[in-house]
Amino acid sequence: MKALVLSGGSGTRLRPFSYSMPKQLIPIANKPVLEHVLDNVRALGVTEAGIVVGDRGRQIAEVIGDGSRLGLRVTYIPQAEPLGLAHCVTLARTFLGDEDFVMYLGDNMLPEGVADIAQDFTARRPAAQLVVQKVADPRAFGVAELDAAGQVERLVEKPQQPRSDLALLGVYFFTSAIHRAVASIRPSARGELEITDAIQWLVTQGAEVRASEYSGYWRDTGRAEDVLECNRRLLASLRPGIVGEVDSRSELDGQVLIEAGARVVRSRVEGPAIVGAGSVVEDSHIGPGTSIGRDCVLRDTRLADSIVLDGASIVNVPGLYGSLIGRNASVGTSARHRLVVGDHTRIEVAA
């Protein structure tokens with residue numbers, strides 16, 4: 001089995017971050033979302049992954065490289081403009097050949113993985129197998145309607161009167177039958193080749209299309225609040241450790257990871273929390289749910305439930321929480337409790 005990971009979206013809901021970096025590279029627990037996705041792919045026994053990239057492909061390649069660091073062989077597949085998920089399958093036809101494959105949206109977090117669903121797909125080999133989860137409001141999702149045997153009867157995109165509460169999560173398993181389906185559909189009203197239309201074509205043709213319910217934690221990291229919530233969730237299982245330096249006047253409480261080269265001076269860090277490699281925390285209080293990236297500086301600051309990206313500086317901020325601070329950003333005294341600050345941004349607001 002191969003993997004097709006889709007990482008070409010523009011990420012408009014994550015602005016200002018998506019102006020300067022692909023949304024798939026936003027860190028969750030100090031690791032890019034895309035790396036979490038590729039870890040899940042590798043856990044399925046996959047060794048070859050094609051990553052569909054848009055105009056930020058170079059940035060993604062700089063982080064992921066050839067995939068060897070992650071135990072994968074990575075092929076980058078350019079998509080000049082976003083023409084739909086099924087269009088990505090068309091672009092990847094040469095890479096995929098006639099092999100079975102898993103298609104995975106590169107901004108989706110499923111920390112428990114989908115290994116059991118992959119095993120079921122391999123054993124039964126339906127033309128397509130969808131990963132779904134029950135949601136409170138199906139009107140915001142693509143929805144799968146199933147028969148009593150668990151076979152898909154119909155797919156409906158954002159139904160106003162849903163007949164099912166099973167939302168598509170953005171992970172799909174396909175045999176080579178999907179290529180004929182993709183070649184048989186036409187662009188939707190929004191001008192895209194929809195993967196739901198291709199799967200519906202398979203259903204209409206009488207092919208076996210199944211859905212498997214994922215019972216674990218799932219989050220689409222398309223918004224800042226989703227990124228922060230997911231960060232809290234992953235930090236809850238953090239393995240603590242002290243590789244950097246913690247002076248005698250500092251206190252660590254709970255699950256705290258101090259990475260190599262990091263220094264904690266006259267500060268209190270309450271876990272779960274990470275202080276990234278090369279970062280300095282002085283005269284500060286770092287609260288739970290916080291990930292601090294590499295080479296950051298925090299002085300005279302109280303910070304909790306936040307993500308601070310590499311190279312950022314936060315000084316003299318008495319209370320900051322629920323915030324997402326971009327790379328190399330500088331935040332001084334601020335009256336606001338919650339901030340979403342893009343890369344290379346400077347904020348100095350009198351309290």
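Above this text sits the structure in question.
Structure report, in brief. None of these values were measured; they are calculated from a predicted model.

Brief notes about the packing of aromatic side chains
Scanning the model with the defined rule gives four aromatic pairs in all. Taken together, a centroid distance of 5.8 Å and an interplanar angle of 55° make the contact between F141 and W218 tilted. Of this pair, F141 sits in the loop between β8 (128–134) and β9 (142–146) while W218 sits in the loop between β12 (209–213) and β13 (219–220), placing them 77 residues apart in sequence. Judged by its relative accessible area of 24%, F141 is partly exposed. When its relative accessible area of 11% is taken as the criterion, W218 is described as buried. Through a chain of ring-to-ring contacts, three or more aromatic side chains come together here, namely F101, Y172 and F174. Between the NZ or CZ atom of K2 and the centre of the ring of F95, over which it lies, the distance is 4.7 Å.

A look at the state of the cysteines
Note: disulfide means a covalent bond formed between the sulfur atoms of two cysteine side chains. Here the structure, examined in full by the defined rule, presents zero disulfides. Here C230 stays free of any disulfide, with the sulfur of C296 as its closest cysteine sulfur at 19 Å. A relative accessible area of 0% means that C230 is categorised as buried.

Topic: the packing of helix α2 (residues 33–42) against helix α3 (residues 57–64)
Between two packed helices, what matters for the description is the angle formed by their axes and the separation of those axes. Close contact between α2 and α3 brings their axes to 11 Å; oriented N to C, the two are set at 60°. Of the possible angle classes, the one that applies to α2 and α3 is oblique. As α2 packs across α3, the resulting crossing turns out to be right-handed. From α2, L34, E35 and L38 reach across to α3, where they touch I60, V63 and I64.

With respect to the side chain of E194
One can find E194 in the loop between α7 (177–184) and α8 (195–204). Look past the residues within four positions of E194 in its chain and what remains in contact with it is A86, I185 and S188.

Quick notes on the environment of D137
Relative to the helices and strands, D137 is located in the loop between β8 and β9. On the basis of relative accessibility, which here comes to 34%, the residue D137 falls in the partly exposed class. Each C-alpha atom, one on D137 and one on I28, is 26 Å from the other, the two residues being 109 residues apart in sequence.

A few points about α3
One turn of the α-helix equals 3.6 residues, which is why residues spaced by three or four share an orientation. Regarding α3, the residues found buried are G57, I60 and I64. Summarising the axial view, the buried residues of α3 lie within an arc of 65°, below the 170-degree limit, and thus occupy one face. Projecting away from the buried face of α3 at angles above 90 degrees are the exposed residues R58 and E62. Directly beyond the C-terminal end of α3, a positive phi value near 65° is found at G65.

Here we look at the packing of α7 against α8
With their axes 8 Å apart at the nearest point, α7 and α8 run at an angle of 110° to one another. In terms of orientation, α7 lies roughly perpendicular with respect to α8. Helix-helix and strand crossings are classified by hand; for α7 and α8 the assignment is right-handed. Mapping the contact onto sequence places A177, I178, R180, A181, V182 and S184 in α7 and I195, A198, W201 and L202 in α8. In terms of residue class, the contact of α7 with α8 is made up of eight nonpolar, one polar and one charged.

Quick notes on the rules
- Residues numbered from 1 in each chain as written.
- Predicted model: local features only at pLDDT ≥ 70, side-chain atom pairs only at ≥ 80, totals over all residues.
- Heavy atoms only, no water.
- Phe/Tyr/Trp six-rings, centres within 6.5 Å; stacked < 30°, edge-to-face > 60°.
- Helix = DSSP H or I, 4+ residues; strand = E, 2+ residues; numbered from the N terminus.
- Buried < 20%, exposed > 50% of the residue type's maximum accessible area, 1.4 Å probe, protein only.
- Lys NZ or Arg CZ within 6 Å of the ring centre and 35° of its normal.
- Disulfide = S-S within 2.5 Å.
- Axes fitted to C-alpha atoms, helices over the stretch in contact; angles between N-to-C directions.
- Parallel < 35°, antiparallel > 145°, perpendicular 65-115°, else oblique.
- Left-handed = near helix turned anticlockwise from the far one by under 90°.
- Contact = heavy atoms within 4.5 Å.
- Arc of directions from axis to C-beta.
- Nonpolar A, V, L, I, M, F, W, Y, C, P; charged D, E, K, R; others polar.

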